[in-house]
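Residues per chain are reported as follows:
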Amino acid sequence: MKTLLIAIGLFAATTLPALAAEPVKMVDTKMGKIMATEKGMTLYTFDKDAQGKSNCDKDCLKKWPAFHAADKAKAEGEWSLVQDANGKKMWAYGGKPLYTFAGDKKAGEMNGDGIGNVWHVAK
């Protein structure tokens, strides 16, 4: 019984911090540290979004896919969850919804930065 309790404690101690991890990774680039998905795809913010609200409509989402959150994702600290135009949960940092760019074909590309003077790499 004592061994079982120790095993459960070790499992909780090693698993729970992973569940609370940030949904992005920070990547070093020529622009400094930027936010990227786990696969290394650059994340962007949209100047036309309101605090805590995505204003990227369904057509916009075709070029700027929302950075969706897992079903069981929980907001914590600066990380919050907002809905995209399709009603799906997406991540926001500091109240700013996050997106990828369809024009980025491989990890590390930042082709969306500055488009229309309203899309910016998330830092």
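Residues numbered from 1 in each chain as written. Predicted model: local features only at pLDDT ≥ 70, side-chain atom pairs only at ≥ 80, totals over all residues. Heavy atoms only, no water.

- In the annotation of an unreviewed UniProt entry, the chain is listed under the name Lipoprotein with Yx(FWY)xxD motif and assigned to Rhizobium miluonense.

Some thoughts on the overall build of the chain
Then, number 1: Along the backbone of the chain there are two helices and seven strands.
Then, number 2: Looking at the chain as a whole, 34% of its 123 residues qualify as buried.
Then, number 3: Residue pairs in contact within the chain that sit at least 24 positions apart in sequence constitute 57% of those at least 6 positions apart.
Then, number 4: Total accessible area on the chain is roughly 7900 Å²; 58% of this is exposed by carbon and sulfur atoms. (Helix = DSSP H or I, 4+ residues; strand = E, 2+ residues; numbered from the N terminus. Buried < 20%, exposed > 50% of the residue type's maximum accessible area, 1.4 Å probe, protein only. Contact = heavy atoms within 4.5 Å. Areas by Shrake-Rupley, 256 points an atom, 1.4 Å probe, with all protein chains shown as cover.)

Re the environment of Gln83
Then, number 1: Relative to the helices and strands, Gln83 resides in strand E4 (residues 79-83).
Then, number 2: A sequence separation of 28 residues divides Gln83 from Asn55, and the C-alpha atoms of the two residues are 9.8 Å apart.
Then, number 3: Residues contacting Gln83, with those up to four places away along its chain left out, are Ser54, Lys88 and Met90.

Overview of the sheet that holds E4
Then, number 1: Reading across from one edge, E4-E5-E6 is the order of the three strands in this open sheet, with antiparallel pairing throughout. In this open sheet, the two edge strands, each paired with only one partner strand, are E4 and strand E6 (96-97).
Then, number 2: Both strand E5 (residues 89-93) and E6 contribute to a ladder of two bridges, which runs antiparallel. Among the inter-strand pairings, Ala92 is bridged to a residue of E6, identified as Pro97. (Pairing = 2+ DSSP bridges.)

Comments concerning the side chain of Asp84
Then, number 1: In this fold, Asp84 is placed in the loop between E4 and E5.
Then, number 2: Here Asp84 is buried and forms no salt bridge, its nearest opposite-charge partner Lys88 lying at an N-O distance of 6.1 Å.
Then, number 3: Of note is the side chain of Asp84, whose polar atom sits 2.8 Å from the backbone nitrogen of Asn86.
Then, number 4: Ignoring anything within four residues of it in the chain, the contact list for Asp84 reads Leu61, Ala66, His68 and Met90. (Lys, Arg positive; Asp, Glu negative; His and termini not counted. Salt bridge = Lys/Arg side-chain N within 4 Å of Asp/Glu carboxyl O. Polar contact = N/O pair within 3.5 Å; in protein donor to acceptor, adjacent residues only side chain to side chain.)

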